[in-house]
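# Architecture at a glance
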Amino acid sequence: YALAKAIAQKPKDLGESLHTYVKWRGLHVRLYQALTWAFTPVYQSDQKLLPLLRDRLAGPLMGLSPVSALLAALVAGQIGRPLKTLGLRPNEAGALGLQEQKLPH
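Below is a summary of the structure that appears in this document.

Calculation notes
Residues numbered from 1 in each chain as written. Predicted model: local features only at pLDDT ≥ 70, side-chain atom pairs only at ≥ 80, totals over all residues. Heavy atoms only, no water. Helix = DSSP H or I, 4+ residues; strand = E, 2+ residues; numbered from the N terminus. Buried < 20%, exposed > 50% of the residue type's maximum accessible area, 1.4 Å probe, protein only. Contact = heavy atoms within 4.5 Å. Salt bridge = Lys/Arg side-chain N within 4 Å of Asp/Glu carboxyl O. Polar contact = N/O pair within 3.5 Å; in protein donor to acceptor, adjacent residues only side chain to side chain. Phe/Tyr/Trp six-rings, centres within 6.5 Å; stacked < 30°, edge-to-face > 60°. Lys NZ or Arg CZ within 6 Å of the ring centre and 35° of its normal. 1 Å grid on protein atoms, 1.4 Å probe; cavity = no way out; pocket = protein on both sides within 12 Å on 5 of 7 lines; lining within 4 Å. Points joined across faces, edges and corners; volume = space filled by probe spheres on them. Nonpolar A, V, L, I, M, F, W, Y, C, P; charged D, E, K, R; others polar. Axes fitted to C-alpha atoms, helices over the stretch in contact; angles between N-to-C directions. Parallel < 35°, antiparallel > 145°, perpendicular 65-115°, else oblique. Left-handed = near helix turned anticlockwise from the far one by under 90°.

In this section: the overall build of the protein. For the protein, the count of helices and strands is six helices and zero strands. Moving toward the C terminus, one meets the helices and strands of the protein in the order α-α-α-α-α-α. For the protein, the residues scored as buried account for 20% of the 105 residues in total. Taking the contacts inside the protein whose residues are at least 6 apart along the sequence as the reference set, 45% of them involve residues at least 24 apart.

Written as structure tokens, this is what we have:
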């Protein structure tokens, strides 16, 4: 949606469209990259302690409402403001499909 919207704003300037797209998505992408950096060793480690901690702590923590709600909000795009940047509300975002976007020819 963000890319289609950015291209629609400046259909004749792909460079500017891509710059706008990166600007809109930047905070949310950096947030995901930071979380990936932090958690990849826990899930892809050859160590013995990290997987043990993961298995003993992560599962039970995911069952707690603040943790599960936080994770759901992150995945839904409600953290890092990606939807607000695009002028969307959370309930609108799920209803959008790429077929609804008319890209310039």
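A few words now on the pattern of salt bridges. Scanning the entire structure with this criterion turns up one salt bridge. Ionic pairing is found between R54 and D55, a salt bridge with its closest N-O pair at 2.9 Å.

Note on placement: S17 falls in helix α2 (residues 14–43). Separated by 2.9 Å, the side chain of S17 and the backbone oxygen of K10 make a polar contact. Residues contacting S17, with those up to four places away along its chain left out, are A6, I7 and K10.

Okay, the packing of aromatic side chains next. This structure, assessed with the given rule, holds zero aromatic pairs. Between K5 and the ring centre of W24, over which it is positioned, the NZ or CZ distance is 5.6 Å.

A few words on the layout of surface pockets. Computed from the structure, the largest pocket encloses a volume of approximately 510 Å³. In terms of lining, the largest pocket is formed by 18 residues, of which the most central are L35, F39, Y43, M62 and L71. Listing elements by their share of the lining of the largest pocket, those giving two or more residues are α2, α3 (49–62) and α4 (65–75). Looking at the lining of the largest pocket, the element that brings in the most residues is α2, giving seven residues. Of the residues assigned to the lining of the largest pocket, the class counts are 16 nonpolar, one polar and one charged.

Glancing now at the packing of helix α1 (residues 2–9) against α2. As a packed pair, α1 and α2 sit with axes 8 Å apart at the nearest point and diverge in direction by 140°. Here α2 runs oblique to α1, going by the angle between their axes. In the crossing of α1 with α2, the sense of the turn from one axis to the other is right-handed. Between α1 and α2, the residues in contact are A2, L3, K5, A6, I7 and Q9 and S17, L18, T20, Y21, W24 and R25, respectively. The class makeup of the residues in the contact of α1 with α2 is seven nonpolar, three polar and two charged.

What follows is about the environment of S68. In this structure, S68 sits in helix α4. Within the structure, the side chain of S68 is placed 3.3 Å from the backbone oxygen of S65, a separation counted as a polar contact.

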